[in-house]
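Report on the structure
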Amino acid sequence: MRILGIESSCDETALAVVTKRDGRLMVEQNVLASQVAVHARTGGVVPEVAAREHIAHIFPLLEQIGVERSGAGIDAVAVTCGPGLVPALRVGVELGKSLSWTWGKPLVPVNHLEGHIYSVWLAEKTPVFPALCLLVSGGHTELVLMRNHGVYELLGMTRDDAAGEAFDKVAKLLGLPYPGGPEIARLALEGDPTAIHFPRPMMDSPNLDFSFSGLKTAVKVAWEGRAERAEIAASFQQAVVDTLVGKTLRAVGMTHPKCLILTGGVSANRLLRTTLERALQQADMKISFFAPELSLTGDNAVMIALAGAFRFEAGHMTDPLTLVADANLRLT
Ligand SMILES: Nc1ncnc2c1ncn2[C@@H]1O[C@H](COP(=O)(O)OP(=O)(O)OP(=O)(O)O)[C@@H](O)[C@H]1O
Ligand SMILES: [Mg+2]
């Protein structure tokens, strides 16, 4: 089986080819055009600018991965159809529809968040169910229980900003470039994470929801009070990590999963990875831990092709003439 994956939901144009051999999924092609430098100038993503960039890059990328003009050798086309920015999503969706129709190959719509979850389905060892997923990205912070392939239960989510968004906004406040996550993480290495005690929002509330906007306000107060930048970065990062890990452990206690999947752009954060993995080991809960390889934490098309492979095998195809992008597509 060979699947073409297409991703254009935000600021990365990406194409990939994933194959299945001897029951194992493998990456055959993986190309990406990042718009980070373009959006850094405006400090965030402008949807129409993103769409224009996708249009400029998507066909050169298609040439680059060297698929046959006839689509020979490809079994299905998997494309992100939401959630994301509609003008951006449309570029990938319309390419997917066109290729599917002209090649006469099935079109498999993929939820971008499901894609992030499937980014860990590449290693020799793959997750077993039930799997608890902590999905932390630029637009989402969710705890999801995955009972089987394609079967999700939303346990908790952010009530305001996503974790990645909080990193980006705090970075902007501190005068650091976009995207802010890696910048804060780097600066945090020079600061003391116990220097400033920022709130751990909603840690004591009995649900599994998150809230990060209050934390952002506390950072603003510290910054205006002339606290040192590296101390703020380190203390802020620690507060986000403590909150994410605390809620995840609570969800583990409530749902007794067999494994934990940490995924999304913020899963690149080393403190988050090590703290979560260590907390699971210390609790001696025999829960295996999965996180994507670093190159697959942010948006990419490998994860879309991987999710598409499972959807294709389950027969979840769609009509190539009618698929539309959905900005608010949900997992559940
Ligand atoms: N090392 C890091 N530490 C913290 N945050 C990080 C790190 N690296 C990247 N991020 C954050 O990850 C986010 C990008 O993740 P991703 O590309 O998955 O989000 P998105 O695709 O824009 O949103 P969504 O997937 O919700 O649609 C940004 O907010 C970025 O700051
Ligand atoms: Mg994403």
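Residues numbered from 1 in each chain as written. Chains lettered and ligands numbered in written order. Predicted model: local features only at pLDDT ≥ 70, side-chain atom pairs only at ≥ 80, totals over all residues. Heavy atoms only, no water.

Taken together, 19 residues surround ligand 1, and among them S137, H140, D168, G181 and D299 come closest. H140 is positioned with one of its side-chain polar atoms (N or O) 2.7 Å from an oxygen atom of ligand 1. Side-chain polar atom of N269 to a nitrogen atom of ligand 1: 3.0 Å apart, as the coordinates give it. Counting residues per element, the ones that place at least two in the shell around ligand 1 are α4 (112-118), α5 (163-173) and α6 (180-188). Its residues assigned to classes, the shell around ligand 1 comprises six nonpolar, 11 polar and two charged. (Near = heavy atom within 4 Å. Polar contact = N/O pair within 3.5 Å; in protein donor to acceptor, adjacent residues only side chain to side chain. Helix = DSSP H or I, 4+ residues; strand = E, 2+ residues; numbered from the N terminus. Nonpolar A, V, L, I, M, F, W, Y, C, P; charged D, E, K, R; others polar.)

What follows concerns the sheet that holds strand β10 (residues 288-290). Consider a sheet: its strands pair through backbone hydrogen bonds, and that pairing is either parallel or antiparallel. Taken in spatial order, the five strands of this open sheet run β8-β7-β6-β9-β10, and their pairing is mixed. A strand with exactly one partner marks an edge of an open sheet, and here the two such strands are β8 (151-157) and β10. The average angle at which neighbouring strand axes cross in this sheet is 20 degrees, direction not considered. Summarising the sheet, strand β6 (residues 131-136) and strand β9 (residues 259-263) pair through five bridges and their orientation is parallel. Bridge pairing in β9 places C133 opposite I261. Helix α9 (residues 270-282) rests against β6, β9 and β10 of the sheet, and its axis sits at about 170 degrees to β9. (Pairing = 2+ DSSP bridges. Axes fitted to C-alpha atoms, helices over the stretch in contact; angles between N-to-C directions. Contact = heavy atoms within 4.5 Å.)

This brings us to the pairing of strand β7 (residues 141-148). For β7, a buried count of six out of eight residues is recorded, marking the element as mostly surrounded by other parts of the structure. Here β6 hands over to β7 after four residues, the two strands then running antiparallel side by side. Across six bridges, β7 lies against β8 in antiparallel orientation. Bridged to M146 within β8 is Y152. Connecting β7 to the antiparallel partner β8 that follows it, the hairpin turn spans two residues, and G150 within it adopts a positive phi of roughly 75 degrees. (Buried < 20%, exposed > 50% of the residue type's maximum accessible area, 1.4 Å probe, protein only.)

Our focus in this paragraph is unusual backbone geometry. In the segment running from F129 into P130, the intervening peptide bond is cis, with an omega of -5 degrees. Position of P130 relative to the elements: it lies in the loop between α4 and β6. Cis geometry marks the peptide bond from Y178 to P179; its omega dihedral reads -5 degrees. On the secondary structure map, P179 appears in the loop between α5 and α6. Phi at R226 takes a positive value of approximately 65 degrees, unusual for a residue other than glycine. Mapping R226 onto the fold places it in the loop between α7 (213-224) and α8 (229-255). Residue R226 is classed as exposed on the basis of its relative accessible area, which comes to 77%.

Before going further, it helps to spend a moment on the environment of L89. As for its placement among the helices and strands, L89 is situated in helix α3 (residues 86-103). In this structure the C-alpha to C-alpha distance between L89 and S8, which are 81 residues apart in sequence, comes to 5.2 Å. With sequence-adjacent residues up to four places away left out, L89 is seen in contact with S8, S9, T80, C81, G82, P83, G84, A325, D326 and A327.

It is worth spelling out α8 at this point. The first and last C-alpha atoms of α8 sit 39 Å apart over 27 residues, in line with the 39 Å expected at 1.5 Å per residue. Just past α8, the residue H256 takes up positive phi, approximately 45 degrees. (Expected span 1.5 Å × (residues − 1).)

Looking now at the domain arrangement of the protein chain. You can read the domains of the protein chain as domain 1 (2-118 + 296-313) and domain 2 (131-292). The centre of domain 1, based on its C-alpha atoms, is set 27 Å off from the matching centre of domain 2. Listed per partner, the contact involves 18 residues of domain 1 and 19 residues of domain 2. Each partner contributes to the roughly 1,400 Å² buried at the junction of domain 1 and domain 2, and carbon and sulfur atoms together form 68% of this total. Sorting the residues of domain 1 by area buried against domain 2 places L113, I117 and T297 first, and these three jointly supply 42% of that buried surface. On inspection of domain 1 and its partner domain 2, the count reaches zero salt bridges. Linking domain 1 with domain 2 are five residue pairs in polar contact (both at pLDDT 80 or more), by the criterion used here. No other element matches α4, which puts five residues into the side of domain 1 that touches domain 2. Across the side of domain 1 that touches domain 2, the residue classes break down as nine nonpolar, six polar and three charged. (Domains from an automatic or database assignment. Buried area = accessible area lost by both parts, 1.4 Å probe. Salt bridge = Lys/Arg side-chain N within 4 Å of Asp/Glu carboxyl O.)

Distances from the magnesium ion (ligand 2) to its protein donors, H112 (NE2), H116 (NE2) and D299 (OD), fall at 2.1 to 2.2 Å. Sequence positions of the donors to the magnesium ion (ligand 2) reduce to the motif H-x3-H-x182-D. With H112 in helix α4 and D299 in the loop between β10 and α10 (302-313), this residue pair connects regions lying 187 residues apart in the sequence. Accessibility assignment for this pair places H112 and D299 in one class, buried. (Donors = N, O, S within 2.8 Å, 3.2 Å for Na, K, Ca; no water.)

The next point concerns the sheet that holds strand β2 (residues 12-21). As summarised here, the arrangement of the five strands in space is β3-β2-β1-β4-β5, forming an open sheet in which the pairing is mixed. Pairing within the sheet leaves two strands with one partner each, and these edge strands are β3 (24-34) and β5 (107-111). In this sheet, adjacent strand axes meet at a mean angle of 20 degrees when their direction is disregarded. Pairing of strand β4 (residues 76-82) with β5 involves five bridges; the strand directions are parallel. Note on β5: the bridge partner recorded for T80 is V110. Relative to β2, helix α2 (residues 47-64) is tilted by about 30 degrees, and along the sheet it contacts β1 (2-7), β2 and β3. Along the sheet face, α10 touches β1, β2, β3, β4 and β5 and points at about 120 degrees away from the line of β5.

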